[in-house]
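# Working through the structure, step by step
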Protein chains: 6
Amino acid sequence: MPVVIVEMWEGRTPEQKEALIKGITRAFEEIGVKPEWLNIIIHDVPKSNWGMRGEQASRLAP
Amino acid sequence: MPVVIVEMWEGRTPEQKEALIKGITRAFEEIGVKPEWLNIIIHDVPKSNWGMRGEQASRLAP
Amino acid sequence: MPVVIVEMWEGRTPEQKEALIKGITRAFEEIGVKPEWLNIIIHDVPKSNWGMRGEQASRLAP
Amino acid sequence: MPVVIVEMWEGRTPEQKEALIKGITRAFEEIGVKPEWLNIIIHDVPKSNWGMRGEQASRLAP
Amino acid sequence: MPVVIVEMWEGRTPEQKEALIKGITRAFEEIGVKPEWLNIIIHDVPKSNWGMRGEQASRLAP
Amino acid sequence: MPVVIVEMWEGRTPEQKEALIKGITRAFEEIGVKPEWLNIIIHDVPKSNWGMRGEQASRLAP
């Protein structure tokens, strides 16, 4: 029944999200967790809402 | 002072959100937590950002 | 498929946790979410790890 | 490598978010955490998705 | 700079956690995220703190 | 009513946690949030539960 929450910058394509979901699901299968037990939730975060090195990421990686 | 974070598919009506907030508040009152101590936060998650059974939920429940 | 994460002070009894799980489940049922779709996760947080009014809760409510 | 997740009402200005990121970074520096080790993530939450005192915050503080 | 938070039942071995970290890292690499940009955080949750089907998981899967 | 969740390695002293709570509270005060509106929650994460650079942090920084 694991739950995975992913925080990442917005802007990923639907294909990248699908690949990520499949890849994370595979990672859990390798330790015995069935795909139907898993929920994966992706939060798209605007770069202006992400702080790193004391700055908004929107300034560091516009 | 409990904090409740709800992750669910976007698309709920304001009435459903209000009912949910009232219901969760009641659940805490039953164990002695006053409504003014409680914060409930709802994250609306697009189905394309939700993975289940190794797929995007947008494909399974369009 | 909603996921609920509860952050609260450690020290609740098993009976209180059970009551809380049942109450939250009921709150979701009222808006059409079946119990088998729901995951509820409780994080027990020591009061020394909880800040409120600029202090550790362990000082305010020892 | 700490990660900080902030849940707050939407509506803050970019200047407030920048000030908040700088202030939180400073708080970690004071306990020996370098800015480049820190990720800060801000979730803007609509008031209608925030429950307090058993109500949607959008009703209490429109 | 994605952050991944995993909520799962306590009881996994160190080897399973290591395999999971490697597998999730690989899933991100496949979409262009370098391992050094990624933080993965695992929360071990006691079954008595996990609600599913309206019950504590400790009752359903003791 | 912001909520702040901090994920960091376990091992911080009570003094460091107190300093962190005070510093984060100050950061919010600077943008107009009163200390009594703020909840700060610290999750102590064992290094063996933290993945970075594709490894458990317990191996990289024992």
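Rules behind the numbers
Residues numbered from 1 in each chain as written. Chains lettered and ligands numbered in written order. Predicted model: local features only at pLDDT ≥ 70, side-chain atom pairs only at ≥ 80, totals over all residues. Heavy atoms only, no water. Helix = DSSP H or I, 4+ residues; strand = E, 2+ residues; numbered from the N terminus. Rg over C-alpha atoms; globule rule 2.2 N^0.38 Å. Contact = heavy atoms within 4.5 Å. Areas by Shrake-Rupley, 256 points an atom, 1.4 Å probe, with all protein chains shown as cover. Lys, Arg positive; Asp, Glu negative; His and termini not counted. Charge placed at Lys NZ, Arg CZ, Asp CG, Glu CD. pLDDT = per-residue confidence, 0-100. Pairing = 2+ DSSP bridges. Buried < 20%, exposed > 50% of the residue type's maximum accessible area, 1.4 Å probe, protein only. Salt bridge = Lys/Arg side-chain N within 4 Å of Asp/Glu carboxyl O. Least-squares fit on C-alpha atoms with pLDDT ≥ 70 in both. Buried area = accessible area lost by both parts, 1.4 Å probe. Polar contact = N/O pair within 3.5 Å; in protein donor to acceptor, adjacent residues only side chain to side chain.

## Quick look at the overall build of chain A
Helix and strand content of chain A: 2 helices and 4 strands. When the helices and strands of chain A are listed from N to C terminus, the series reads β-α-β-β-β-α. A compact globule built from 62 residues should have a C-alpha radius of gyration of about 11 Å, whereas chain A, at 14 Å, is more than 25% larger. Viewed in the frame of its principal axes, chain A has a C-alpha envelope of about 40 × 25 × 15 Å. Here the analysis covers contacts within chain A between residues at least 6 apart in sequence; of these, 60% occur between residues at least 24 apart. Accessible surface computed for chain A: about 2500 Å², of which carbon and sulfur atoms make up 49%. The average position of the 8 basic charges and that of the 9 acidic charges among the side chains of chain A differ by 5 Å.

## Remarks on the confidence of the model for chain A
Across chain A, the average pLDDT comes to 96, with 100% of residues at 70 or higher. The ipTM value of the predicted complex is 0.97, and its pTM value is 0.97.

## Notes on the sheet that holds strand 2 (residues 39-45) of chain C
In spatial order, the strands read 4(D)-3(D)-2(B)-1(B)-1(C)-2(C)-3(E)-4(E); together these 8 strands make up an open sheet with mixed pairing. A single partner strand is all that each edge strand has here, and the edge strands are strand 4 (55-56) of chain D together with strand 4 (55-56) of chain E. Strand direction decides the pairing type here: strand 1 (residues 3-9) of chain B and strand 1 (residues 3-9) of chain C, joined by 5 bridges, are antiparallel. Its bridge partner being in strand 1 of chain C, B:Val6 is matched across the sheet by C:Val4.

## A few points about the side chain of B:Asn49
As for its placement among the helices and strands, B:Asn49 is situated in the loop between strand 2 (39-45) and strand 3 (50-52). What makes B:Asn49 buried here is its relative accessible area of 2%. Residues within four places of B:Asn49 in sequence aside, it is in contact with A:Lys17, A:Ile40, A:Ile41, A:Ile42 and A:Asp44.

## Details of the pattern of salt bridges
The final tally for this structure, using the stated rule, is 30 salt bridges over all chains. Note that A:Lys22 and B:Glu55 form a salt bridge whose closest N and O atoms lie 3.7 Å from each other. Taken together, the positions of A:Lys22 in helix 1 (residues 14-29) and B:Glu55 in strand 4 (residues 55-56) put the pair across two chains. Classification of A:Lys22 by relative accessible area gives partly exposed; the value is 33%. The salt bridge involving F:Glu18 is made with C:Arg59; its shortest N-O contact spans 3.3 Å. With F:Glu18 in helix 1 (residues 14-29) and C:Arg59 in helix 2 (residues 57-60), the pair connects residues from two separate chains.

## Digging into the arrangement of the chains
These two, chain C and chain D, are apart from each other, with no contact and a minimum C-alpha gap of 13 Å. When C-alpha atoms are compared, chain B and chain E, though not in contact, are closest at a spacing of 13 Å.

## Some details on the relation of the copies chain A and chain E
With an RMSD of 0.0 Å, the operation that places chain A on chain E is a rotation of 180 degrees combined with a shift of 0.0 Å along the axis. Read as a symmetry element, the transformation amounts to a two-fold axis. Comparing contact sets, 100% of the residues at the interface of chain A also lie at the interface in chain E, consistent with an isologous, same-surface contact.

## Focus on the relation of the copies chain A and chain D
For the pair chain A and chain D, the best superposition has an RMSD of 0.0 Å and corresponds to a rotation of 120 degrees with a translation of 0.0 Å parallel to the axis. In short, the pair behaves as if placed about a three-fold rotation axis. Closest to the rotation axis within chain A is the C-alpha of A:His43, separated from it by 5.2 Å. When the interface residues of chain A are mapped onto chain D, a mere 8% of them again fall at the interface, so the copies present different faces.

## Focus on the interface of chain A and chain E
With 23 residues of chain A in contact, the opposing surface of chain E contributes 23 residues. Carbon and sulfur atoms supply 70% of the area buried between chain A and chain E, which totals about 2000 Å² over both sides. Between the two partners, chain A and chain E, sit 2 salt bridges. Where A:Glu30 meets E:Arg26, a salt bridge forms, and the shortest distance between an N and an O atom there is 3.9 Å.

## Observations concerning the interface of chain A and chain D
Contacts between chain A and chain D engage 13 residues on the former and 16 residues on the latter. Here chain A meets chain D over a buried area of about 1200 Å², counting both sides, of which 49% is carbon and sulfur. Its largest share of buried area at the contact with chain D, chain A owes to A:Asn49, A:Gly54 and A:Gln56, together 42% of the area lost on that side. Seen at the junction of chain A and chain D, the total is 2 salt bridges. Put simply, chain A and chain D have 9 residue pairs in polar contact (both at pLDDT 80 or more) between them.

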